[in-house]
Amino acid sequence: MYSFLTTENWPDYELVDSGNFEKLERFGQYYVARPEPQAIWDKHLPEQEWQRLAQAVFTRDKGSQEKGQWKLKKGMPEQWFINYKYNDLKLRFRLGLSSFKHVGLFPEQDSNWKFIYDTTRQLKTPQPKVLNMFAYTGAATLAAKAAGADVTHLDSIKQVNFWARDNMEASNLDNVRWIVEDAMKYARREVKRGNKYNGIILDPPSYGRGPNGEKWQLEDELNEMIKLCREMLDGTDYFLLINLYSMGFSALVLDNLMRGTFGEMVKNEELGELYLLDGGDRKLPLGTFFRFTSVGR
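Definitions and cut-offs
Numbering of residues starts from 1 in every chain and runs along the sequence as written. Only residues with pLDDT of 70 or above have their local features reported here, since the model is predicted, and side-chain atom pairs are shown and tallied only from 80 upward, although totals for entire chains, interfaces and linings are computed over all residues. For side-chain calculations, the full set of non-hydrogen atoms in the structure is used, while hydrogens and water are omitted. The secondary structure listing takes helices from DSSP runs of H or I that are at least 4 residues long and strands from runs of E that are at least 2 residues long, numbered from the N terminus. For this measure, only C-alpha atoms enter the radius of gyration; the expected value for a globule follows 2.2 Å times N^0.38, where N is the number of residues. The rule is simple: take the accessible area with a 1.4 Å probe, protein chains only, and divide by the maximum for that residue type; under 20% is buried, over 50% is exposed, in between is partly exposed. Geometry is summarised by axes, namely lines fitted to C-alpha atoms with helices restricted to the contacting stretch, and by angles between N-to-C directions that run from 0 to 180 degrees. Here is the rule for angles: anything less than 35 degrees is roughly parallel, anything more than 145 is roughly antiparallel, 65 through 115 is roughly perpendicular, and the remaining ranges are oblique. The hand of a helix crossing depends on one turn: near helix anticlockwise from the far one by less than a right angle means left-handed, and clockwise means right-handed. Residue contacts are defined here by distance: any two heavy atoms, one from each residue, within 4.5 Å place the two residues in contact. Domain limits in this description derive from either an automatic procedure or a database domain assignment. As used here, buried area is the combined drop in accessible area, with a 1.4 Å probe, of two parts when they are placed together. The term salt bridge refers to a side-chain nitrogen of Lys or Arg lying within 4 Å of a carboxyl oxygen of Asp or Glu. Pairs of N or O atoms within 3.5 Å make up the polar contacts considered here, provided that, within protein, one atom can donate a hydrogen while the other can accept it, and that residues adjacent in sequence are counted only when both atoms are side-chain atoms. Lys, Arg, Asp and Glu make up the charged group, whereas Ala, Val, Leu, Ile, Met, Phe, Trp, Tyr, Cys and Pro make up the nonpolar group; the residues left over, Gly among them, are polar. Pairing between strands requires that DSSP locate at least two bridges from one strand to the other.

A.B. asks: Any chance you could explain the overall build of the chain here in plain terms?
C.D. replies: For the chain, the count of helices and strands is seven helices and 17 strands. Relative to the 2.2 N^0.38 estimate, which gives 19 Å for 297 residues, the radius of gyration of the chain is 19 Å and therefore close to what a compact globule would have. Projecting the C-alpha coordinates of the chain onto the three principal axes gives extents of approximately 55 × 40 × 40 Å. By the burial criterion, 55% of the 297 residues in the chain qualify as buried.

So this is what it looks like as structure tokens:
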């Protein structure tokens, strides 16, 4: 089934507008404007309204596609908290203005957090083991943990793991296993050990570096990583979720990889795109995903 999924019913988040390669978002009570390469259309709101609303505006440094500076209005903090609620799931996230335009959260992942929470609770294993690789600040980790999982959270950047720990404590959760490691090295080691997981979550970047300078290039490494996940995934009680944010990758790439590698394990599958709906009813595409589970829905 091909699906287009968007963020819904989240009072603390809103995509106010998008266009001219920018997006204007509200996180809690604060409005943030930052670059968005896929927003090639015109803005819905006039420029004066953007200037009035935006309390933090990110501008790229010359010669850089990612790094830049934030310009803050008076009263705009560099860090603040927002809340997230879905059924019995209650999380709290610390946001911050990084030098790479990010704020510590990807709101379009809302539908994936809901999938993780619901599916983990439906697994038959009393305390299912879940591995979250490229785990960033841990929203998916906390969704699995809150659902009763024994969670391993892996990211190559130590400071990001500290940030995820802050989110765990703010959400009144505990006992997550934190690992600072290159994802490929860890996966190879787990396969050699014969360790298995009931759930695996992947959100790999297009390009990245491990803690010791290990190189990650999505198109070169993804096929092997998926094969390693096949070896690590429990064969009877399981789910797998992968999300890609790469403008060059069709969702059909994921479809081919998943079905070719996991075969008959692919059940109750969903393939599609994540997007955010702005105030002008434009759909901003923000990644492709593939997810499947042994749990009937």
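A.B. asks: What am I meant to see in the packing of helix H6 (residues 218-232) against helix H7 (residues 251-262) here?
C.D. replies: How two helices sit against one another is set out by the angle between their axes and by the gap between those axes. Running from N to C, H6 and H7 cross one another at 40°; their axes reach a closest spacing of 10 Å. Considering their axes alone, H6 and H7 lie oblique with respect to each other. As for the relative orientation of H6 and H7, their crossing is right-handed in sense. For the pair formed by H6 and H7, the contact residues are Leu222, Asn223, Ile226, Lys227, Cys229 and Arg230 on the first element and Leu257, Met258, Thr261 and Phe262 on the second.

A.B. asks: What's the story with the domain arrangement of the chain in this structure? I'm lost.
C.D. replies: By a frequent convention, interface size equals the accessible area lost on bringing the separate parts together. One can read the domain layout of the chain as domain 1 (7-79) and domain 2 (106-293). Taking the mean C-alpha position of each, domain 1 and domain 2 sit 27 Å from one another. Taken residue by residue, the interface counts 19 residues in domain 1 and 18 residues in domain 2. When the buried area of domain 1 at its contact with domain 2 is split by residue, Thr7, Leu15 and Gln38 rank highest and sum to 38% of it. Counting across the interface, domain 1 meets domain 2 through one salt bridge. As a salt-bridge pair, Asp17 and Arg282 come within 2.9 Å of each other at their nearest N and O atoms. Applying the counting criterion to the domain 1 and domain 2 interface returns ten residue pairs in polar contact (both at pLDDT 80 or more). Mapped onto the side of domain 1 that touches domain 2, the elements with two or more residues apiece are strand E2 (13-19) and strand E3 (22-27). Here the side of domain 1 that touches domain 2 takes five residues from E2, the largest share from any one element. The class makeup of the residues in the side of domain 1 that touches domain 2 is eight nonpolar, four polar and seven charged.

A.B. asks: I'm lost on the pattern of salt bridges in this one. Help?
C.D. replies: Side chains that differ in charge, positive against negative, can pair when their charged atoms come close. Inspection of every chain in the model, using the stated rule, returns 17 salt bridges. A salt bridge links Glu181 to Arg189; the shortest N-O distance between them is 2.8 Å. Looking at Arg189, the relative accessible area reads 31%, which means it is partly exposed. Salt-bridge contacts for Asp255 lead to Arg259; the nearest nitrogen and oxygen are separated by 2.7 Å. In this pair, Asp255 and Arg259 both sit in helix H7, four residues apart, roughly one turn of the helix. A relative accessible area of 15% places Asp255 in the buried class.

A.B. asks: Help me out: how do you make sense of the sheet that holds E2 in this one?
C.D. replies: Two orientations exist for strands paired in a sheet by backbone hydrogen bonds: parallel and antiparallel. A sheet is described by the order of its strands in space; here five strands give the open sequence E2-E3-E4-E5-E6, paired in mixed fashion. Taken across any chain shown, the strands that pair with only one partner, and hence form the sheet edges, are E2 and strand E6 (68-72). Taking each pair of neighbouring strands and ignoring which way they run, the sheet shows an average axis angle of 20°.

A.B. asks: Can you help me understand the environment of Leu123 in this one?
C.D. replies: Following the sequence through the fold, Leu123 ends up in the loop between helix H2 (110-122) and strand E9 (129-133). Relative accessible area serves as the criterion here: at 6%, Leu123 is assigned to the buried category. Residues Leu123 and Asp110, 13 residues apart in the sequence, show an inter-C-alpha distance of 20 Å.

A.B. asks: Would you take a moment to explain the side chain of Thr293 for this structure?
C.D. replies: Position of Thr293 among the secondary structure elements: in strand E17 (residues 283-293). Among all residues touching Thr293, those that are not within four sequence positions of it are Phe115, Thr119, Tyr238, Phe239, Lys267 and Asn268.

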